[in-house]
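# Residue-level structure breakdown
So you can see what is in the structure, the chains are spelled out below.
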Amino acid sequence: NAVMVPGVTVLRLARRFLTPGDSARGAAALFGGAVASQLIASVANVVLARFFDPAEFGILGLFLAISGFLVVASSLRLDQAIMLPRSRSLANDLTLVCIGVTLLTAALAGVVALVWRGSISAALGAPALSAWLPILPVAVAAGGVTQALSAWLARHRRFPEIARNRVWQSGSSAVAQLIGRDWHPAAGLVVGTVAGQVVGCAQALRAALRTSAHRLRWRLRGSI
């Protein structure tokens, strides 16, 4: 909780000085969320540097490089199209298609990670990475679904929710990493980061369903 205090303060200040326009409010909310999440991550890195070795940060960096690439590619960039349709129902269906493709890609990534994790880690020159590749599909699924839901929230101008999701993800990652430092060094970093992504995904899903569940159609249309 102490790690999240600077981020919450930034968000409150941003909301306090918002201008009346919707565009300005949205921009300020997104800016406040980005600044808050980066501030939390920066403070957390300073603290975590006292508990983890550079080699353990290297494993985290490789894991994030792989998962980050797969998150971007998992949805086939369909999340970029969610903002485009004039039809609300078509945008809802695109959101569901994007989520479905992301989950399918995450499942395929999980199979590859389980079968060839030794070869992948050896090719990257980091044998210790093989122990954490099995949780790669969780990171890909959480990141891709969050990406799709953030686009859907942005379409409906739910910018404060997007900002809060970013703060929750950064804060929960930092807290999980600090808690896991005594369990296993690399696990504290990698699993803590994935835990933060899962929390961010859960918060995005909650924001999407809390007041606008009727806007999302939980089925795929035959036309799609």
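Everything that follows concerns the structure shown earlier in this document.
Residues numbered from 1 in each chain as written. Predicted model: local features only at pLDDT ≥ 70, side-chain atom pairs only at ≥ 80, totals over all residues. Heavy atoms only, no water.

The helix and strand inventory of the chain stands at seven helices and zero strands. Burial analysis of the chain (224 residues in total) assigns 44% to the buried set. At a minimum sequence separation of 6, the contacts of the chain that also span at least 24 residues come to 78%. As displayed, the chain offers around 11,500 Å² of accessible surface, 65% of which is attributable to carbon and sulfur atoms. (Helix = DSSP H or I, 4+ residues; strand = E, 2+ residues; numbered from the N terminus. Buried < 20%, exposed > 50% of the residue type's maximum accessible area, 1.4 Å probe, protein only. Contact = heavy atoms within 4.5 Å. Areas by Shrake-Rupley, 256 points an atom, 1.4 Å probe, with all protein chains shown as cover.)

In this section: the layout of surface pockets. Its volume calculated, the largest pocket comes out at about 900 Å³. For the lining of the largest pocket, the elements supplying multiple residues, two or more each, are α2 (22-48), α3 (54-74), α5 (136-155), α6 (159-179) and α7 (185-210). No other element matches the eight residues that α6 contributes to the lining of the largest pocket. Its residues assigned to classes, the lining of the largest pocket comprises 14 nonpolar, 16 polar and one charged. (1 Å grid on protein atoms, 1.4 Å probe; cavity = no way out; pocket = protein on both sides within 12 Å on 5 of 7 lines; lining within 4 Å. Points joined across faces, edges and corners; volume = space filled by probe spheres on them. Nonpolar A, V, L, I, M, F, W, Y, C, P; charged D, E, K, R; others polar.)

Here L39 shows up in helix α2. Between the C-alpha atom of L39 and that of G171, which follows or precedes it by 132 residues, the distance is 9.9 Å.

It is worth spelling out the nonpolar core at this point. With 24 residues, the main nonpolar core has L48, F63, L129 and V190 as its most contacted residues. For this core, the elements supplying multiple residues, two or more each, are α2, α3, α4 (88-123), α5, α6 and α7. By size, the runner-up hydrophobic cluster in this structure holds 19 residues, among which are I99, W152, F159 and A204. (Core = buried A, V, L, I, M, F, W, Y, C linked by side-chain atoms within 4.5 Å.)

This part is about the environment of S87. Among the secondary structure elements, S87 is positioned in the loop between α3 and α4. Polar side-chain contacts of S87 include one of 2.9 Å to the side chain of S89. In terms of polar contacts, S87 uses its side chain to reach the backbone amide nitrogen of L90, at 3.3 Å. (Polar contact = N/O pair within 3.5 Å; in protein donor to acceptor, adjacent residues only side chain to side chain.)

We now examine the packing of α5 against α6. It is at 8 Å that the axes of α5 and α6 come closest, and there the two elements cross at 150°. It follows from the interaxial angle that α5 and α6 lie roughly antiparallel. Where α5 approaches α6, its residues S150, L153 and A154 are matched on the opposing element by F159, E161, I162 and N165. Looking at side-chain class alone, the contact of α5 with α6 contains four nonpolar, two polar and one charged residues. (Axes fitted to C-alpha atoms, helices over the stretch in contact; angles between N-to-C directions. Parallel < 35°, antiparallel > 145°, perpendicular 65-115°, else oblique.)

One side chain can pair with another of opposite charge once the charged atoms of both are near each other. For the structure shown, the criterion picks out two salt bridges. In this structure, R77 engages D79 in a salt bridge whose closest nitrogen and oxygen atoms are separated by 3.7 Å. (Salt bridge = Lys/Arg side-chain N within 4 Å of Asp/Glu carboxyl O.)

With 21 residues, α3 ought to run about 30 Å at 1.5 Å a step, and its terminal C-alpha atoms sit 30 Å apart, in line with that. Within two residues after α3, L76 carries a phi angle of roughly 55°, on the positive side. (Expected span 1.5 Å × (residues − 1).)

For α4, spanning 36 residues, the distance from its first C-alpha to its last is only 46 Å, which falls clearly below the expected 52 Å at 1.5 Å a residue. A bend of about 80° at W116 is the largest found in α4. Remark: G125 follows α4 within two positions and exhibits a positive phi of approximately 75°. (Bend = angle between axes of the 7 residues up to and from the residue.)

Here the structure, examined in full by the defined rule, presents one aromatic pair. Ring geometry for F52 against F57: centres 6.1 Å apart, planes inclined by 85°, an arrangement best described as edge-to-face. (Phe/Tyr/Trp six-rings, centres within 6.5 Å; stacked < 30°, edge-to-face > 60°.)

Before going further, it helps to spend a moment on the side chain of S121. Structurally, the position occupied by S121 is in helix α4. By relative accessible area, which is 3% here, S121 ends up buried. With near-sequence residues (within four places) excluded, S121 lies in contact with A126, P127, L129 and S130.

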